[in-house]
Every structure is written in C-alpha cells, then in structure tokens.
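Examination of the molecular architecture
What follows is each chain in one-letter form.
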Amino acid sequence: DTANAPIFGIDAKGRVNEWNNKAAEITGFSSKEVVGRDLVQDFITEEYRVTVKEVLDDALQGREAANFEFPLYTKDKRRVEVLLNATTRRDVSGNVVGVLGVGQDITERKTAEAEQARVAQELQTFIDTANAPIFGIDAMGLVNEWNNKAVDITGFTRDEVMGQNLVEVYITEEYRVSVREVLDNALSGQEAANFEFPLFTKSEKRVDVLLNATTRRDVSGKVVGVIGVGQDITERKEAEEEKTRVAKELQNFIDTANAPIFGIDAKGRVNEWNNKAAEITGFSSKEVVGRDLVQDFITEEYRVTVKEVLDDALQGREAANFEFPLYTKDKRRVEVLLNATTRRDVSGNVVGVLGVGQDITERKTAEAEQARV
C-alpha cells in the first residue's frame, strides 16, 4: 500500500484485486472504485487493450514480462505512461491465481523523450532544408550528414556519400592534408571558422567552400564527430579573381602605356608613376612614390595652379587638357597636357587622382617657333 510505485493486482479473470495508494494517487481512482472491475476493459484505452491483455494473459500462463510500456488514463482523462513488470501470482500450492503488476510512472520521461525527438527532428529538418551545404563526419572521418544543399552543389546524393571517407574521396590531393588537419582539430575540440577549401563535384567541377567546422558531442559531452556548415563562395572567388585580373591588367596598362601616367593619394603624394613618366622625367618610380607631387616636381610659378587642378579633382571636379610644365631630373622643361581624373574606392569615396598626360614639348616648341616667325 505504501510503496512509492504504482502496484496493482488482478485475479485469474483479469479483475482488479490490488490497487495501492500510489496507483490511486496517479490515476485518481480509489481502491474502492477499481477493485473487482476488469482492468483492461475499464482502464486501458481501446488501442492498447489487445497488447496489455496479451501481456497479462502471458503472465497468467507463467510467462512474466519486464519493462512493458503502456498508457493508463486517469479519472480526469489525463494520459499516464507506465513502465510495467508483470509477475505471476501463485497460491501456496503453486497454482496461478493472478498477476501482480509493479509499475513506474514514466510520463515525465516520455514527455522529455518526445520533446527531444521533436527537437532532433526539427534540427534534422533544418539541416536537410538549410540554404547552405551542411555535412557531418563521425570520429573516423566517415560522412554521416549530407543535406539537400550539399547534394545540390556537388551532385552527389546522400546515399552515395554516407559512410564514405570525406577527405579521401571528395577532397583533391593537394588539399587533403589541410582539410584533414581542420577536421582532426575539430575532433579534438578546436573548432574552425571561415576555412576555405575546394570540393569537386560529380561532374569534376570545382566548388569553393567557406567552412565552419563545429565539434559534435553526445549527451555525455564525448566528441562523436564534426558538423560542417559551409557557404558556396565559388561565384565570389571567381569575381575576386576577375577583379584581381582586371586590376593587374589595368596596372600593366598604366605601366606600359605610351603616355605619362601618374597618380596621387588624397594628400597629394605620388602613388602611381608609370614607365613613360619615368622615361620623360628621368625619375624612377622608386624615386617619386610617396613624395609630394606639387612641392617636389612642379616649379614654383606653377605650383598654385597645378595644386588647384588636383584639389578640384579630389573634390570630384575633373579637368581635361590642362597644360603645365614638369622639370626633369636633369632640369629640362617638359610641357605636359593633362587630364586629371578623380580616383574612387569600391564604396565611391575619393581616394586620389589619376593623371593621364601627353608630352607636348615638341608641339609647344613648334608653336613658339611659328609665333616667332
């Protein structure tokens, strides 16, 4: 009666003949309300009657049951989950006279398990449907997660990759060491963020991935694998490479152009000085870069006007066909016709001026001669 577990008994006909205090407390039915009634018919819901009757009938045949789960419904219609041990009850002669059931109320545990299952299912759905490639490996490096986006990007189905060694099968030889190192570190608890590496698709196309590698642990905190959340940065990498190519091409054009080209930063210091500018002036790039263009290379009488043109360009007011003299290393005067263009960064902020010139010394000399004649 006083046991801290629900205990009930039935006779050989399935009628209740034991109902302890804990059974009364859990179900809301007092001993008087249940004794003599058919346990299965009166207190078990229809969907479970067959299985519960089978367990009790087996116990009445001497085949006892351990850890059988079934629901009881309380007086106020609440469902109570019970874990049952059904023991055969015998008289002094050894004849079976009934069954004694010792139960355990596992409602809270079952609710927690159901919640865990729901969260796990929700997480699995998130992993499967996330708009980012997600993969998982176990402690041996074998694939155990491969979401829809990973399938979409690589062309390999989940069935094709599950159980395969991620590094050996899907990473090219040149990257195996670095990728394995990142994953091994994560298996040791040292997680990685923003690690770039290439995956090769089923059709041998290269896909660049930016990866966060997170240690995966079981409920006891033991490392059981790695979950990798990636981002397909192939287009971004291609755009970066194209920008680099264009920048290199532009720099090559500036350096080799058949016109003097110079650049200054926002403070008027030289940061571009191409081969033609070096040829015309006699000053190499190394000699001028970082120096103040106006103060160091423009004669005093022209400094104010040249500075004004460059300052205007730094304000976005560009100049075309502005004439001024440069003086060479050997003090010769070179007449230059200049277009001053505002230089901006990717955000549109002014960062300097690019000057594209034309050496008009010969033309100016010829004009002066014509004027003289």
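Attention in this report is confined to the structure presented alongside it. (Residues numbered from 1 in each chain as written. Predicted model: local features only at pLDDT ≥ 70, side-chain atom pairs only at ≥ 80, totals over all residues. Heavy atoms only, no water.)

1. Section: the overall build of the chain
The condition is simple: Secondary structure elements follow DSSP: runs of H or I no shorter than four residues count as helices, runs of E no shorter than two count as strands, and numbering proceeds from the N terminus. Only the C-alpha atoms count toward the radius of gyration. The rule for a globule is 2.2 Å times the residue count to the power 0.38. Categorising residues by exposure relies on relative accessible area from a 1.4 Å probe, with only protein chains included: less than 20% of the type maximum marks a residue as buried, more than 50% marks it as exposed, and the intermediate range marks it as partly exposed. What makes two residues a contact is simply this: any of their non-hydrogen atoms within 4.5 Å. Note on areas: Shrake-Rupley, 1.4 Å probe, and residue coverage restricted to the protein chains presented here. All tallies of charge rest on Lys and Arg as positive and Asp and Glu as negative; His and the ends of each chain are not included. Here the site of a charge means NZ on Lys, CZ on Arg, CG on Asp, or CD on Glu.
When its secondary structure is counted, the chain shows 15 helices and 15 strands. Taken over C-alpha atoms, the radius of gyration comes to 43 Å for the chain, far larger than the 21 Å a tight globule of 373 residues would show. Taken along its principal axes, the extent of the C-alpha atoms in the chain is 145 × 45 × 30 Å. Among the 373 residues that make up the chain, the fraction classed as buried is 37%. Contacts spanning at least 24 positions in sequence make up 39% of the contacts within the chain whose residues lie at least 6 apart. As displayed, the chain has an accessible area near 21900 Å², and 49% of this comes from carbon and sulfur atoms. The centroid of the 49 positive side-chain charges in the chain is displaced by 2 Å from the centroid of its 66 negative side-chain charges.

2. Points about the packing of aromatic side chains
For clarity, the cut-off: Aromatic pairing here means that ring centres of Phe, Tyr or Trp (its six-membered ring) are within 6.5 Å. Orientation follows from the plane angle: under 30 degrees is stacked, over 60 is edge-to-face, and everything else is tilted.
In the structure shown here, the tally under the stated rule is nine aromatic pairs. Ring geometry for Phe29 against Phe43: centres 5.1 Å apart, planes inclined by 75 degrees, an arrangement best described as edge-to-face. You can see Phe29 sitting in the loop between α1 (21–27) and α2 (31–34) and its partner Phe43 sitting in helix α3 (residues 39–43), a full 14 residues away along the chain. Of the residues examined, Phe29 reaches a relative accessible area of 14% and is grouped as buried. You can call Phe43 buried: its relative accessible area is 4%. On the basis of an interplanar angle of 20 degrees and a centroid distance of 5.9 Å, the ring pair of Phe195 and Phe197 is categorised as stacked. Phe197 matches Phe195 in its accessibility class, with the two residues each being buried. Aromatic rings pair up to connect Trp19, Phe29 and Phe43 into one cluster.

3. Looking at the environment of Gly230
Tracing the backbone through its elements, the reader meets Gly230 in strand β10 (residues 223–232). If we skip the residues at most four places from it in the chain, Gly230 touches Ala132, Pro133, Val209, Leu210 and Leu211.

4. Looking at a negative patch on the surface
Short version of the rule: Grouping into patches uses exposed residues only, defined as over 30% relative accessible area, and leaves out salt-bridged ones; the cut-off is 9 Å for like charges and 5 Å for nonpolar side chains (Val, Leu, Ile, Met, Phe, Trp, Tyr). Counted as salt bridges are all cases of a side-chain nitrogen of Lys or Arg within 4 Å of a carboxyl oxygen of Asp or Glu.
Taken together, the side chains of Asp232, Glu235, Glu238 and Glu241 present a region of like negative charge at the surface. Per-element accounting of the negative patch gives the leading share, three residues, to helix α10 (residues 234–256). Relative to the elements of secondary structure, Glu238 occurs in helix α10.

5. Things to note about the side chain of Lys237
Among the secondary structure elements, Lys237 is positioned in helix α10. Take Lys237: its relative accessible area is 19%, and that puts it in the buried class.

Any functional reading would require information beyond the geometric quantities listed.
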